[in-house]
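# Overview (structure and organization)
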Amino acid sequence: LFDGIYPFYPQQRKAAVFDISTVIVIVVILTLACSFLLIIPGIRGQARLYWTLRVLLSLFVGVVIVVVQFTGDWETGWVQANTSYKSFSHVQVNVDIGLHIGLSGVNVTLRGNPVNQINETINYNEHFPWNFGADYDRSYSEGLKKGLPSPILYVAEKFSTQSPCAVHRQYRIAGHYASAMLWVAFCTWIISNILFSMPVLVYGGYMLLVTGAFMIFSLLSFSTVRNSPMCLIRIGIRTLHIAYGGSFWLMLAIGLLCFMAGITIVAMHHLNLDLLKAFFDLREDKAEEYQEMPEVFVNPNFMNKGL
């Protein structure tokens, strides 16, 4: 206590909606997509549809690979409970408590039902990083000094290095290797686009398979955290359970999509190359492909002199 007042923020903090890195990536990709849409009317015929499908699908794969690096919903969980709001106080509040685990840290969300209770606005979203170069315990200690609500500190303490749960190290290493795999997948995605533009279609298909493989490897790396039992997170009489979130399932879907696209391109290269060239707008006209010798006009006077 400071002069009989609990050490909370002088002003209530708003819950975060988007990470600034995520916003930057989305804006860049949307700029590229809009630029392409401006030139798409210049492409004639059926090739316009093929170009639109290829470019937008490729941009979507690239933006997903980068954005999920900064999202916090690889694992998520929510629980509604009646719990104490402040330390050393028996006042109970009804709140929704959310846990959002990403590759670089954990977000703990606290939202009141209703938001305004006990003359305060209960709407918090606190981030505690564990990526390399960040100090999770220091962030947790700063939360203690700020006087964060008790439910947030209780959930965040489960992931500290001093916690008996002992999951901090495994989450940190799993997130680090999953992030590294995704950056490799992003590089192979760039290489596949370069190969498609050269054009070396079959090798571009192989690189799509490699891209999908590294996406799956990142999921396998992150899923290793399930090998160690997680401590129960009890809020009042309720238990907060976590499960794989949107980013995890989105990466699984995109990885399988890259596998399907890569297998299709490789199969079409060996089974129907003309159809594959038509999809990539590389098929030459038959008249040009099998061009015959044009008709020749001979000057008879010149031929007689020659004889």
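Residues numbered from 1 in each chain as written. Predicted model: local features only at pLDDT ≥ 70, side-chain atom pairs only at ≥ 80, totals over all residues. Heavy atoms only, no water.

Rule in force here: UniProt positions are given in the numbering used here, feature names are shortened, and annotations may be inferred rather than shown by experiment.
Per an unreviewed UniProt entry, the chain goes by DOXA2 factor and derives from Melanocharis versteri. Among the UniProt annotations of the chain, the heading Sequence similarities (unreviewed entry) holds the following wording: "Belongs to the DUOXA family." As recorded by UniProt, the Subcellular location (unreviewed entry) comment attached to the chain reads in full: "Membrane".

## A closer look at the layout of surface pockets
Quick reminder of the rule: Lining residues are defined by having an atom within 4 Å of a point belonging to a cavity or pocket. Those points lie on a 1 Å grid over the protein atoms alone, cavities being sets where a 1.4 Å probe fits but cannot get out and pockets being open sets with protein on both sides within 12 Å along at least five of seven lines. Grid points are joined across faces, edges and corners, and a volume is the space filled by probe spheres set on the points. What counts as a helix is a DSSP run of H or I of at least four residues, what counts as a strand is a run of E of at least two, and both are numbered from the N terminus.
The calculated volume of the largest pocket comes to roughly 800 Å³. Around the largest pocket, the lining is made up of 29 residues, and of these Arg-54, Ser-58, Phe-196, Phe-279 and Phe-280 lie nearest the centre. Broken down by secondary-structure element, the contributors of at least two residues to the lining of the largest pocket are helix H2 (47-67), helix H5 (168-197), helix H7 (246-271) and helix H8 (273-279).

## Observations concerning the environment of Thr-52
The condition is simple: Relative accessibility decides the category of a residue: with a 1.4 Å probe and only protein chains considered, values under 20% of the type maximum give buried, values over 50% give exposed, and everything between is partly exposed. Throughout, a residue-residue contact means that at least one pair of heavy atoms, one from each residue, lies within 4.5 Å.
Assignment of secondary structure puts Thr-52 in helix H2. By relative accessible area, which is 21% here, Thr-52 ends up partly exposed. Along the backbone, Thr-52 and Phe-36 are 16 residues apart, and their C-alpha atoms lie at a distance of 8.4 Å. In this view, Thr-52 contacts Phe-36 and Ile-40; residues no more than four positions away in its chain are not counted.

## What to know about the packing of aromatic side chains
For any pair of aromatic rings, geometry is given as the distance between the ring centres together with the angle between the planes. Going by this rule: Pairing of aromatic rings covers Phe, Tyr and the six-membered ring of Trp, with a centre-to-centre limit of 6.5 Å; geometry is then stacked below 30 degrees between planes, edge-to-face above 60, and tilted otherwise. Look at NZ for Lys and CZ for Arg. If either is within 6 Å of the ring centre and within 35 degrees of the ring normal, a charge sits over the ring.
Within this structure, the stated rule accounts for 15 aromatic pairs. Considering the side-chain rings of Trp-74 and Phe-222, the 5.2 Å spacing of their centres and the 55° angle between planes classify their relative orientation as tilted. A residue pair is termed long-range when its members are at least 10 positions apart, and Trp-74 in the loop between H2 and strand S1 (75-84) and Phe-222 in helix H6 (residues 201-223) qualify at 148 residues. Relative accessible area serves as the criterion here: at 0%, Phe-222 is assigned to the buried category. Taken together, a centroid distance of 5.3 Å and an interplanar angle of 85° make the contact between Phe-248 and Trp-249 edge-to-face. Accessibility expressed as a relative area gives 47% for Trp-249, which makes it partly exposed. Here the aromatic cluster, defined as three or more aromatic residues joined through ring pairs, consists of Trp-74, Phe-128, Trp-130, Tyr-136, Phe-159, Tyr-171, Phe-222, Tyr-244, Phe-248 and Trp-249. Looking at Arg-54, its charged tip hangs above the ring of Trp-51, at a distance of 4.4 Å from the centre.

## Quick notes on the side chain of Thr-71
Put simply, the rule is: Counted as a polar contact is a pair of N or O atoms within 3.5 Å, where, for protein atoms, one must be capable of donating a hydrogen and the other of accepting one, and residues adjacent in sequence contribute only when both atoms are in side chains.
Along the chain, Thr-71 turns up in the loop between H2 and S1. Judged by its relative accessible area of 18%, Thr-71 is buried. A polar side-chain atom of Thr-71 sits 2.7 Å from a polar atom in the side chain of Ser-247. With near-sequence residues (within four places) excluded, Thr-71 lies in contact with Gly-102, Leu-103 and Ser-247.

## Observations concerning the environment of Thr-211
Along the chain, Thr-211 turns up in helix H6. With 48 residues separating them in the primary sequence, Thr-211 and Phe-259 have C-alpha atoms 8.1 Å apart. Excluding anything up to four places from it in sequence, Thr-211 contacts Ile-65, Ala-185, Thr-188, Trp-189 and Cys-258. A polar side-chain atom of Thr-211 sits 2.8 Å from a polar atom in the side chain of Thr-188.

## Here's the deal with H2
Let me state the cut-off plainly: Helices are assigned an expected span. That span is 1.5 Å times one less than the residue count.
With 21 residues, H2 should reach 30 Å at 1.5 Å per residue; the first-to-last C-alpha distance of 30 Å fits that figure. Those residues of H2 that sit buried are Ala-47, Arg-54, Val-55, Ser-58, Leu-59, Val-61, Gly-62, Val-63, Val-64, Ile-65, Val-66 and Val-67. Looking at the buried residues of H2, the elements they touch are helix H1 (20-39), H5, H6, H7 and H8.

## Concerning the pattern of salt bridges
Heads up, the rule is: What counts as a salt bridge is simple: a side-chain nitrogen of Lys or Arg found within 4 Å of a carboxyl oxygen of Asp or Glu.
What the rule picks out here adds up to two salt bridges. Among the salt bridges present, the one from Glu-120 reaches Lys-86, with a minimum N-O distance of 2.8 Å. With a gap of 34 residues between them, Glu-120 in strand S4 (residues 120-129) and Lys-86 in the loop between S1 and strand S2 (92-101) connect regions that are remote in the sequence. Of the two residues, Glu-120 and Lys-86, neither departs from the other in class, the shared state being buried. Residue Glu-142 pairs with Arg-138 through a salt bridge whose shortest N-O separation is 3.6 Å. You can see Glu-142 and its partner Arg-138 sitting in helix H3 (residues 136-146), four residues apart, about one turn around the helix.

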